[in-house]
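# Coordinate inspection notes
One-letter residues, chain by chain:
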Amino acid sequence: MRSDIIKKGLERAPHRSLLRATGSIESEADFDKPFIAICNSYTDCIPGHAHLDEVGALMKHLVRRAGGVPFVFNTIGIDDGIAMGHSGMKYSLPSRELIADCVESMVKAHCFDGMVCIPNCDKIIPGMLMAAMRLNIPTIFVSGGPMAAGIAEQRATHADLAAHLQPASKESDLISVFKGVGELQTGRISEEQLKKLEQTACPTCGSCSGMFTANSMNCLCEALGMALPGNGTILAVSKEREALYERAARAILRLVAQDLKPRDIATLEAFDNAFMLDMAMGGSTNTVLHALAVAREAGVAYDVRRIDEISRRVPCLCKVSPSSGYHIQDVHRAGGIHTILGELKRAGLLHLDCKTVTGKTLGENIDEWDVRSDKCTPWAKAARVSGASAIVVDPNDKLGPAARTASGNLAPKPLLFFPADPRALTLWRLAAAFNVSDAATVACLFAPDGQLRVDADLTWKGPAEIEAGLKAKFDEFKGLVRAELGTLNGTPVLLLWRYEGGQKKLACLLRVPKFRQTWLISRAYYEYRDSLLKEVVASGLMPYDPAFRFDPQDCIRTPATAYSPDGGLAILYGQLAPEGSVVKTAGISEAFKQNCGPGFVFEGPCVIFESQEEACAGILAGQVKPGDVVVIRNEGPRGGPGMQEMLSPTSYIVGMGLGDKCALITDGRFSGGTAGACIGHVSPEAAEGGPIGLLRPGDRVRIDFPNRRMDILVPEAELAERRTTWLPVQRELTGWLARYCKLVTNASQGAVLQA
């Protein structure tokens, strides 16, 4: 084992002495076990990471239970949303390099045998991926999970059901709040309405709920083969997430035993698979920047031209916020990432033989986890429903689905109830399916010879009989009987509540006395005895999916019903971007296309801003008019420095009613939450003398989306003259940003640091 370097031999006695002092060595036998690094990224500064201290502690327990010796360390993390719109955003992209370097340093210095990476947001995921490729030791990624969508409004569907259990009629997310700032500026909403958005848009811990950068990268990890199915879409506050952690702990020990390493998995073909998923799901434009950097660390020659070729032949099958009203939990409810991959498999597009951290090929994973596959497993079918469910919360509970531990840490409430216990997890799955009246999913939790005793005279035997019986019961219940986890004599059970007049009354319990190691129920029964109904302790954990009535075939489409025959991302070249630029075509509205006129070509005069701050002030001051091409330059990796995300200016444009009437071009980048005709990563950037730096106010720019070109409608002779007098913008820099500026490459090369 690699760790033998620090733990074997007489000369390593001092090393072993120090290892004992850490408290991680519980017996002499531990020196014969694999040492597993748990690379966590807990910080209170990011909602996607605020709960990861408790997740890391759980992973530590699970890795030890699986046969390893765990050691936890943490990386830094910057919240892009909180850093947005001020100078703090300049540090976001550079933090990716710091994270990669720090993970490399920790693992190299301590000679670990394997690594579990627990990222969740923005730069932390690619930073850890870059380090994993450099280190090339067995590694698995398991993120903290996505945030549930905010519930802006609920509609009353049944008078007897409590108000907080009614389905959502309008959802919201972080982008709703950014847009709200622009809407307030134009008088379209009031300060009170903006305040309500602020309070409801981000209801739980987890990575923001749309297909923004964090969730895009977590989903890509599944297609790349570095994460288990479900990694990108199971909600952070669903108990189903704990099943993912448990599987990851077992998987890392298998990977170490097999010596299956990141560079064995992340091949050229695997990166193709990741980008095919990216095109199909309309991921963040930042995935291009990050995946190029990860490929470079993996020793894989990959460039934007290959990405462009993929985007021309892969259809856009899924649109998620900000490109539609769907959110990540909707994608999970529709079948998750492996169902999108299943559609690509049926279209003959994927490399199915690529290895993955499951120990199986990508094709085998798809067979098991694509809910439209005949080979889909009961586990995957149950996880589809369970992973999209958060919990019902008291409207007065400010922490919502989270809670404080005794040490003051934030944790999802389900994580505090029998953590990663198979019986408790199975009951959560059963309750989640019960609460959306899904008899088929409840039935698949039972073994082939499983039994459910309804009363003294009636027992349903086998999944088919259980499903049929429950269908009839659900028709009778009309959604007014709901399941909640609880405890009876130290054992997890389900409480079944009947609602009437908005109030609930305990009807009975559901107990599972016989349970198999395969996580299938052998025998369960309803318990009606009053004495036990009085003894049971309710946990407050009632799985709740606010939008379970929707069309999964619309959320995840087939190639025949695709949004477009080409991908949700496109690479644009031309006179303005000789080395390429990126646009999220999935986020361009039909109204904008109509405003372009025939041919989907947009042409207009430039309104130029030399920084994001200048752009925000100018947009809110009314300097941008319909038909303009907004240019924000000197915001590239070197020019910014740090390549700030442009979520604030794009949200202001949309909020002021200009989103369908203007285009925006920058050598910086956009948030994954950006929608509209927003073209970023223009290379070469202005700071290195790129053509974007030669533009002057009023110059006309033509954007030809079908032919993927951006051109400056100025004579070449005039541009050549301007080039002779061009001077780069000088910014006063100190510290890390000064060093970063000297070493960073442009976006077409992944904004990596030169050696």
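Reference entry: report on the structure contained in this document. These figures come from a predicted structure and were not determined experimentally.

So, how was this worked out
Residues numbered from 1 in each chain as written. Predicted model: local features only at pLDDT ≥ 70, side-chain atom pairs only at ≥ 80, totals over all residues. Heavy atoms only, no water. Buried < 20%, exposed > 50% of the residue type's maximum accessible area, 1.4 Å probe, protein only. Helix = DSSP H or I, 4+ residues; strand = E, 2+ residues; numbered from the N terminus. Arc of directions from axis to C-beta. Pairing = 2+ DSSP bridges. Axes fitted to C-alpha atoms, helices over the stretch in contact; angles between N-to-C directions. Left-handed = near helix turned anticlockwise from the far one by under 90°. Contact = heavy atoms within 4.5 Å. Nonpolar A, V, L, I, M, F, W, Y, C, P; charged D, E, K, R; others polar. Parallel < 35°, antiparallel > 145°, perpendicular 65-115°, else oblique. Core = buried A, V, L, I, M, F, W, Y, C linked by side-chain atoms within 4.5 Å. Phe/Tyr/Trp six-rings, centres within 6.5 Å; stacked < 30°, edge-to-face > 60°. Lys NZ or Arg CZ within 6 Å of the ring centre and 35° of its normal.

For helix H14 (residues 304–313), every residue scored as buried is listed here: Val304, Ile307, Asp308, Ile310 and Ser311. In a view along the axis of H14, the buried residues occupy a sector of 160 degrees, so they form one face of it.

All right, on to the sheet that holds strand S21 (residues 629–632) then. In a beta sheet, neighbouring strands pair by backbone hydrogen bonds and run either parallel or antiparallel. Spatially, S18-S19-S23-S22-S21-S20-S24-S25 is the arrangement adopted by the eight strands of the open sheet, whose pairing is mixed. Either end of the sheet is taken by a strand with one partner, and the two such strands are strand S18 (570–572) and strand S25 (709–712). Pairwise comparison of adjacent strand axes, ignoring direction, gives a mean angle of 30 degrees for this sheet. Bridge analysis of S18 against strand S19 (residues 580–583) gives three bridges, and the strand direction is antiparallel. By the bridge assignment for S19, Leu572 is matched with Ser581.

With that settled, the discussion passes to the packing of helix H16 (residues 337–346) against helix H17 (residues 362–369). The description of two packed helices rests on the angle between their axes and on the distance between the axes. Contact pair H16 / H17: the axes reach a minimum separation of 9 Å and the direction vectors enclose 115 degrees. Relative to H17, H16 is oriented so that their crossing is left-handed. Contact residues: His338, Thr339, Leu341, Gly342 and Lys345 in H16; Leu362, Gly363, Asn365, Ile366, Asp367 and Trp369 in H17. Of the residues assigned to the contact of H16 with H17, the class counts are four nonpolar, five polar and two charged.

What follows deals with the sheet that holds strand S11 (residues 458–461). On the basis of which strands lie adjacent, the open sheet formed by seven strands has the order S11-S10-S15-S14-S13-S12-S16 and mixed pairing. Each end of this open sheet is capped by a strand with a single partner; those strands are S11 and strand S16 (537–541). The sheet shows a mean angle of 30 degrees between the axes of neighbouring strands, taken without regard to direction. As judged from the seven bridges shared by strand S13 (residues 491–500) and strand S14 (residues 503–515), these two strands associate in the antiparallel manner. Following the sheet pairing, Trp497 is matched in S14 by Leu506.

For the rest of this paragraph, the subject is the packing of helix H12 (residues 268–281) against H14. Axis separation between H12 and H14 bottoms out at 9 Å; the angle between their running directions is 50 degrees. As the angle between them shows, H12 and H14 are arranged oblique. Seen along the crossing, H12 lies across H14 with a hand that is right-handed. Residues Leu268, Asp272, Phe275, Met276 and Met279 of H12 form the contact with H14, whose own contacting residues are Arg306, Ile307, Ile310, Ser311 and Arg313. Residue composition of the contact of H12 with H14, by class: six nonpolar, one polar and three charged.

This part takes up the nonpolar core. Residues Met59, Val103, Met115 and Leu129 are the most contacted members of the largest nonpolar core, which totals 115 residues. What Met59 contacts, discounting residues up to four positions off in sequence, is Ile38, Val116, Ile118, Tyr245, Ala248 and Ala249. Ranked by size, the runner-up nonpolar core spans 38 residues in total, among them Ala439, Cys444, Ala483 and Leu496.

Scanning the model with the defined rule gives 15 aromatic pairs in all. Where Phe271 meets Tyr302, the ring centres are 6.1 Å apart and the plane angle is 50 degrees; that geometry is what we call tilted. Here Phe271 is found in helix H12, whereas its partner Tyr302 is found in the loop between helix H13 (286–297) and H14, with 31 residues between them in sequence. The residues Phe271 and Tyr302 share a single accessibility class, namely buried. Each ring, one from Phe417 and one from Phe418, has its centre 4.8 Å from the other, and the planes form 75 degrees; the classification is edge-to-face. Taken together through their ring pairs, the aromatic side chains of Phe592, Phe600, Phe602 and Phe705 make up a single cluster. Between Arg305 and the ring centre of Tyr573, over which it is positioned, the NZ or CZ distance is 4.3 Å. Geometry around Trp379 places Arg429 over its ring, the cationic atom sitting 4.4 Å from the centre.

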